[in-house]
Amino acid sequence: MRLPLVQPFETSFGREDVRDTVIVAVRGGGLTGWGEAATSVGPWYEYETIETCWHVLRDFLGPRVVGREIASPADVAQLMAPVRGHNLAKMGLEAAVWDLLGQAQGCSITQLLGGVRERVPVGVSIGVQASVPALLERIEDYWAQGYSRIKIKIKPGWDVDVVRQVRARFPGVAVMVDANSAYTLADAGRLAALDDYDLMMIEQPLPYDDLVDHAELQRRLRTPICLDESVPSLAAARAALALGSGRIVNIKPGRVGGLTVARAIHDLCRENDWPVWCGGMLETGIGRAHNVALASLPGFTLPGDISASARYFHQDIVEPAFVVNEDGTMTVPTGPGIGVAVVPERLEAATQRRATIA
Ligand code: SMG
Ligand code: MG
C-alpha cells in the first residue's frame, strides 16, 4: 500500500515523499490479525525493498505458515527460521500472528509480551532539512507538541555546526543524532567534536556491518553510541556487548525479524545494563501498535521513535490514531491484539496490489 507523507523524510541516504509498505493479514479461527513489513522502495536503510518483501512473504514465508496450527508466536518464528535474513518481511508475518493470537486469547500484545508500562516515553525523528532555520522551526513545533526528545539526522556537511546551533537555541532539550552509517572511523575527530553538546547519544555513525570500528570509536567518545543497523539479530547484539561497540541499542522489531527476537535482545541488554529504546520505520498505525507494545517492556527506558500518526500521515489506516500525551508519552493500547481497529475503506484506498496465499 502507499500513503503520502505529510512532509518528505530525508536521511543521509536519501529522501522519501510517500510511504510504501506491505501489510499482512493472517486469517484463522474466524479472526484476522494484522502486521506490517515496514520496508522502503530501495535498499538504502538495509537490503530489503518493497519487492523483496513481497516476493519473500508470498513465495517463502507465507507458504511455510499457512495451514499450520500455531499455539504461540514463537512457533511462527520457528517456521520462518529456515529463511535466511529478510527480517522486515518476517516481522510483517510474525506481527500479524501476534495480533491474531492476542485476539483469540482476549489479550493485548503488551500482555502477551510481558509489558509493564501503560504509557511509554516517545520522541520524534527529524530528517535533514533545507536550512538550519527550517530545522529550528521544526524542533520548536515538535517540542511544543510534547515529545520527550528530539532526534536529528546528521551526515557529513550537516553535523557539528547544525548541532551547535540547535544546542544554542534549545539548551535544555533532550537531543540525539542519527547518522545512518554516513561516517567512517577516519571521521572520529569530527564526531568527537559532538561531545561538547550534551547529546543523549550518537546513533549508528559507522557502517552497518562494522562492530569493531564502533567499539574503537566508542573508546574515543564520551557520548554514548547507540547501534541501529549494526544489530540485526540476537547474535549481533551479543557481539556488540562483548566488543563494547556502543552503550545503547535501538531495537526495531522489523530490523531484527520480529517481536520474539526483539524481546530476546531486550532481555540480553537488560541483563547487561544497556538501556534500549524502540526505533521506528515510519510505520502506519498497524506497525506502530506493535512498536508501542514492545516499548512497554521494562528495559525500554529511553524515549522511542514512536511519534503520533499525524507526524507522518494525513489520515492513519487505524482508529483511533496514535497521539502524544502532554507528558511526552504514548498510551499503550490494551484491547485484544494490536488494540486498534484497521479501517477497511482507508486500507482499500491505499492498496496498490494484493496477493492471497490459501
Ligand atoms: O518511524 O519515526 C520513525 C522514523 C524514525 O529515523 C527514523 N528511522 O535510522 O532510525 C532510523 C530511521 C530509519 C528510517 S528508514 C525508512
Ligand atoms: Mg537509526
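Residues numbered from 1 in each chain as written. Chains lettered and ligands numbered in written order. Predicted model: local features only at pLDDT ≥ 70, side-chain atom pairs only at ≥ 80, totals over all residues. Heavy atoms only, no water.

1. Some points on the packing of aromatic side chains
Piece 1. Taken as a whole and judged by the stated rule, the model has three aromatic pairs.
Piece 2. Note on tyrosine 142 and tyrosine 147: the rings are 6.0 Å apart at their centroids and 75° apart in plane angle, and the pair reads as edge-to-face.
Piece 3. Note on tyrosine 142: relative accessible area 4%, which makes it buried.
Piece 4. Look at tyrosine 312 and phenylalanine 313: their rings are 6.1 Å apart centre to centre, the planes differ by 50°, and that puts the pair in the tilted class.
Piece 5. Put simply, the rings of Phe9, Tyr312 and Phe313 pair up and form one aromatic cluster.
Piece 6. Looking at arginine 149, its charged tip hangs above the ring of tryptophan 277, at a distance of 5.0 Å from the centre.
Piece 7. One residue, arginine 353, lies across the ring of tryptophan 54, its end atom 4.8 Å from the ring centre. (Phe/Tyr/Trp six-rings, centres within 6.5 Å; stacked < 30°, edge-to-face > 60°. Buried < 20%, exposed > 50% of the residue type's maximum accessible area, 1.4 Å probe, protein only. Lys NZ or Arg CZ within 6 Å of the ring centre and 35° of its normal.)

2. A word on the coordination of the magnesium ion (ligand 2)
When four donors bind a metal tetrahedrally, each ideal donor-metal-donor angle is 109.5 degrees, and when six bind octahedrally, the ideal angles are 90 or 180 degrees.
Piece 1. Every protein donor of the magnesium ion (ligand 2) is listed here as Asp178 (OD), Glu203 (OE) and Asp228 (OD), and their distances to the metal cover 2.1 to 2.3 Å.
Piece 2. The sequence pattern describing where the donors of the magnesium ion (ligand 2) fall on their chain is D-x24-E-x24-D. Taken as a pair, aspartate 178 in strand E8 (residues 175-178) and aspartate 228 in the loop between strand E10 (225-227) and helix H9 (234-243) lie far apart in primary sequence, 50 residues in all.
Piece 3. According to the relative accessible area criterion, aspartate 178 is buried, its value standing at 0%. (Donors = N, O, S within 2.8 Å, 3.2 Å for Na, K, Ca; no water. Helix = DSSP H or I, 4+ residues; strand = E, 2+ residues; numbered from the N terminus.)

3. What to know about the domain arrangement of the protein
Piece 1. Structurally, the protein comprises domain 1 (2-106 + 341-350) and domain 2 (112-331).
Piece 2. When each unit is reduced to the centre of its C-alpha atoms, the spacing between domain 1 and domain 2 is 22 Å.
Piece 3. Tallying the contact residues gives 37 residues for domain 1 and 43 residues for domain 2.
Piece 4. Both faces combined, the contact of domain 1 with domain 2 buries some 3600 Å², and carbon together with sulfur accounts for 63% of it.
Piece 5. Interface area lost by domain 1 to domain 2 is led by Tyr45, Trp98 and Arg346, which between them contribute 21%. (Domains from an automatic or database assignment. Contact = heavy atoms within 4.5 Å. Buried area = accessible area lost by both parts, 1.4 Å probe.)

4. A word on the nonpolar core
Piece 1. Counting residues in hydrophobic clusters, the biggest one holds 87 residues, and the most contacted among them are Ile152, Val166, Leu194 and Leu294.
Piece 2. Summarising the domain contributions, this core has at least three residues from each of domain 1 (2-106 + 341-350) and domain 2 (112-331).
Piece 3. In this structure, Val26, Val83, Leu88 and Leu100 belong to the second largest nonpolar core, which totals 22 residues. (Core = buried A, V, L, I, M, F, W, Y, C linked by side-chain atoms within 4.5 Å.)

5. A word on the pairing of strand E7 (residues 150-153)
Piece 1. Residue alternation in E7 divides its side chains into two sets, Ile150 and Ile152 and Lys151 and Lys153, and both sets are buried.
Piece 2. The β-α-β motif built from strand E6 (residues 124-126), the intervening helix H5 (residues 132-144) and the parallel element E7 has right-handed crossover chirality.
Piece 3. Here four bridges tie E7 to E8, and the two strands are oriented parallel to one another. Note on E8: the bridge partner recorded for isoleucine 152 is valine 177. (Right-handed = clockwise from strand over helix to strand, strands pointing away. Pairing = 2+ DSSP bridges.)

6. Comments concerning the environment of lysine 252
Piece 1. Examined against the element boundaries, lysine 252 turns out to sit in the loop between strand E11 (248-251) and helix H10 (253-256).
Piece 2. Here aspartate 228 takes part through its side chain, which lies 2.9 Å from a polar atom of the side chain of lysine 252. (Polar contact = N/O pair within 3.5 Å; in protein donor to acceptor, adjacent residues only side chain to side chain.)

7. Considerations on helix H11 (residues 259-271)
Piece 1. Relative to the 18 Å expected for 13 residues at 1.5 Å per residue, H11 spans 18 Å between its end C-alpha atoms, a close match to the ideal helical length.
Piece 2. Downstream of H11 by a residue or two, aspartate 273 has a phi angle that is positive, lying close to 60°. (Expected span 1.5 Å × (residues − 1).)

8. Here we look at unusual backbone geometry
Piece 1. Residues glutamate 319 and proline 320 are joined by a peptide bond in cis, for which omega reads -10°.
Piece 2. Looking at the secondary structure, you find proline 320 in the loop between strand E13 (318-319) and strand E14 (329-331).
Piece 3. Unlike most non-glycine residues, histidine 86 shows phi in positive territory, near 55°.
Piece 4. Inspection of the secondary structure puts histidine 86 in the loop between helix H2 (73-80) and helix H3 (87-105).
Piece 5. Look at histidine 86 and you get buried, because its relative accessible area is 18%.
Piece 6. Even without a glycine there, the phi angle at asparagine 180 is positive, about 45°.
Piece 7. Residue classification places asparagine 180 among the buried residues on the basis of a relative accessible area of 7%.

9. Some thoughts on helix H12 (residues 285-294)
Piece 1. Taking burial as the measure, the ten residues of H12 include ten buried ones, the bulk of the element.
Piece 2. For H12, every residue scored as buried is listed here: Gly285, Ile286, Gly287, Arg288, Ala289, His290, Asn291, Val292, Ala293 and Leu294.

10. Quick notes on the side chain of aspartate 210
Piece 1. Locating aspartate 210 in the fold gives a position in the loop between strand E9 (202-203) and helix H8 (211-220).
Piece 2. We note that aspartate 210 is buried and unpaired, the nearest opposite charge coming from arginine 219 at a distance of 9.9 Å.
Piece 3. There is a polar contact of 3.3 Å between the side chain of aspartate 210 and the backbone nitrogen of valine 212. (Lys, Arg positive; Asp, Glu negative; His and termini not counted. Salt bridge = Lys/Arg side-chain N within 4 Å of Asp/Glu carboxyl O.)

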